[in-house]
Amino acid sequence: MQRISEFLIGLLFGVGLMLSGMTDPSKVIGFLDLAGHWDPSLALVMAGAVGVGVFAFAWAKRRNHPVLGQHFAWPASEKIDRRVVVGSLVFGVGWGLAGFCPGPALVTLVSGQEKAVAFVIAMIFGMIAYQSIQRFYPPSSSTESQP
């Protein structure tokens, strides 16, 4: 039952990404092009996601365990350190250059779009590089997530 729930939630997420235009790199890049032909429509998508998230997290924090799981995996720290800032910058630059972030890229990958394939391959190499770097520079215990 757990895997079926995960699949259905992922499917709903993917359909939402497609309906909102988040799987279209030109739409995302148009949103980020503040000096050119700015497309503000994705701001509404983001505002909707933040609105839902605020209520969902407030509700989840009042619960002892998730509806479909055994325990929550809340961050061990709310500290904004160099690792969070650098990671956010790398994510933002990648999103701005490619017009994809991981979720929409995986959804678009199914269509076989060359740009999505290239992005997902680069994303996988980035994850491997991150894991390799972690061996030399492990995170401090205050920034690790709880399992």
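Structure's up top.
Being a predicted model, the structure only gives us computed values, none of them experimental.

Conventions used here
- Residues numbered from 1 in each chain as written.
- Predicted model: local features only at pLDDT ≥ 70, side-chain atom pairs only at ≥ 80, totals over all residues.
- Heavy atoms only, no water.
- Helix = DSSP H or I, 4+ residues; strand = E, 2+ residues; numbered from the N terminus.
- Buried < 20%, exposed > 50% of the residue type's maximum accessible area, 1.4 Å probe, protein only.
- Contact = heavy atoms within 4.5 Å.
- Lys, Arg positive; Asp, Glu negative; His and termini not counted.
- Charge placed at Lys NZ, Arg CZ, Asp CG, Glu CD.
- Expected span 1.5 Å × (residues − 1).
- Polar contact = N/O pair within 3.5 Å; in protein donor to acceptor, adjacent residues only side chain to side chain.
- 1 Å grid on protein atoms, 1.4 Å probe; cavity = no way out; pocket = protein on both sides within 12 Å on 5 of 7 lines; lining within 4 Å.
- Points joined across faces, edges and corners; volume = space filled by probe spheres on them.
- Nonpolar A, V, L, I, M, F, W, Y, C, P; charged D, E, K, R; others polar.
- Axes fitted to C-alpha atoms, helices over the stretch in contact; angles between N-to-C directions.
- Parallel < 35°, antiparallel > 145°, perpendicular 65-115°, else oblique.
- Left-handed = near helix turned anticlockwise from the far one by under 90°.
- Phe/Tyr/Trp six-rings, centres within 6.5 Å; stacked < 30°, edge-to-face > 60°.
- Lys NZ or Arg CZ within 6 Å of the ring centre and 35° of its normal.
- Patch = residues over 30% accessible without salt bridge, like charges linked within 9 Å, V, L, I, M, F, W, Y side chains within 5 Å.
- Areas by Shrake-Rupley, 256 points an atom, 1.4 Å probe, with all protein chains shown as cover.
- Salt bridge = Lys/Arg side-chain N within 4 Å of Asp/Glu carboxyl O.

> Which residues make up the overall build of the protein chain, and what values go with them?
When you go through the protein chain residue by residue, the secondary structure sums to six helices and zero strands. Listing each helix as α and each strand as β along the protein chain from the N terminus yields α-α-α-α-α-α. Structurally, the protein chain occupies a C-alpha span of about 45 × 40 × 30 Å along its principal axes. Looking at the protein chain as a whole, 20% of its 147 residues are labelled buried. Long-range contacts, defined here as pairs at least 24 residues apart, represent 49% of the contacts in the protein chain between residues at least 6 apart. The distance from the centre of the 10 positive side-chain charges to the centre of the 8 negative ones in the protein chain is 9 Å.

> So, helix 1 (residues 2-20): which residues are in play, and what are the values?
Taking 1.5 Å per residue as the helical rise, helix 1 with its 19 residues ought to reach 27 Å, and the 27 Å between its terminal C-alpha atoms agrees with that figure. What helix 1 keeps buried is the set Ser5, Gly14, Leu17 and Ser20. Close packing links the buried residues of helix 1 with helix 2 (25-32), helix 3 (41-61) and helix 5 (102-109). Of the residues flanking the end of helix 1, it is Gly21, one or two places downstream, whose phi is positive at about 90°.

> If you had to explain the side chain of Thr108 to someone new, which residues and values would you point to?
On the secondary structure map, Thr108 appears in helix 5. There is a polar contact of 3.3 Å between the side chain of Thr108 and the backbone oxygen of Thr23. Every residue in contact with Thr108, bar those within four places of it in the chain, is listed here: Thr23, Phe100, Gln113 and Ala116.

> Give a detailed account of the layout of surface pockets, specifying residues and quantitative values.
In this approach the atoms are scanned with a rolling probe the size of a water molecule, which exposes any empty space left behind. Within this model, the largest pocket holds a volume of roughly 870 Å³. Lining the largest pocket we find 23 residues, and of these Val86, Gly87, Val90, Gly126 and Tyr130 sit closest to its centre. Only helix 4 (82-98) and helix 6 (114-136) provide two or more residues apiece to the lining of the largest pocket. At nine residues, the largest contribution of residues to the lining of the largest pocket is made by helix 4. Looking at the lining of the largest pocket residue by residue, the class counts come to 17 nonpolar, four polar and two charged.

> Which residues make up the packing of helix 5 against helix 6, and what values do they have?
Their axes nearest at 9 Å, the elements helix 5 and helix 6 cross at an angle of 130°. Relative to helix 6, the element helix 5 lies oblique. As for how helix 5 packs across helix 6, the hand of that crossing is left-handed. Contacts from Pro102, Ala105, Leu106, Thr108 and Leu109 of helix 5 reach helix 6 at Ala116, Val117, Phe119, Val120 and Met123.

> Which residues make up the packing of aromatic side chains, and what values do they have?
The full count for this structure, using the stated rule, is four aromatic pairs. Consider the rings of Phe57 and Trp74, whose centres lie 5.9 Å apart with planes at 55°: the pair is tilted. Here Phe57 is found in helix 3, whereas its partner Trp74 is found in the loop between helix 3 and helix 4, with 17 residues between them in sequence. Three or more aromatic residues link up through ring pairs in this structure, and these residues are Phe57, Phe72 and Trp74. Here Lys61 stacks its cationic end above the ring of Trp74, 5.4 Å away from the centre of that ring.

> Lay out a nonpolar patch on the surface in plain terms, naming residues and giving numbers.
A cluster of nonpolar residues, Met1, Ile4, Phe7, Leu8, Leu11, Val15, Met18 and Leu19, forms a patch on the protein surface that exposes about 910 Å² of accessible area. Residue position: Phe7 is located in helix 1. A relative accessible area of 55% means that Phe7 is categorised as exposed.

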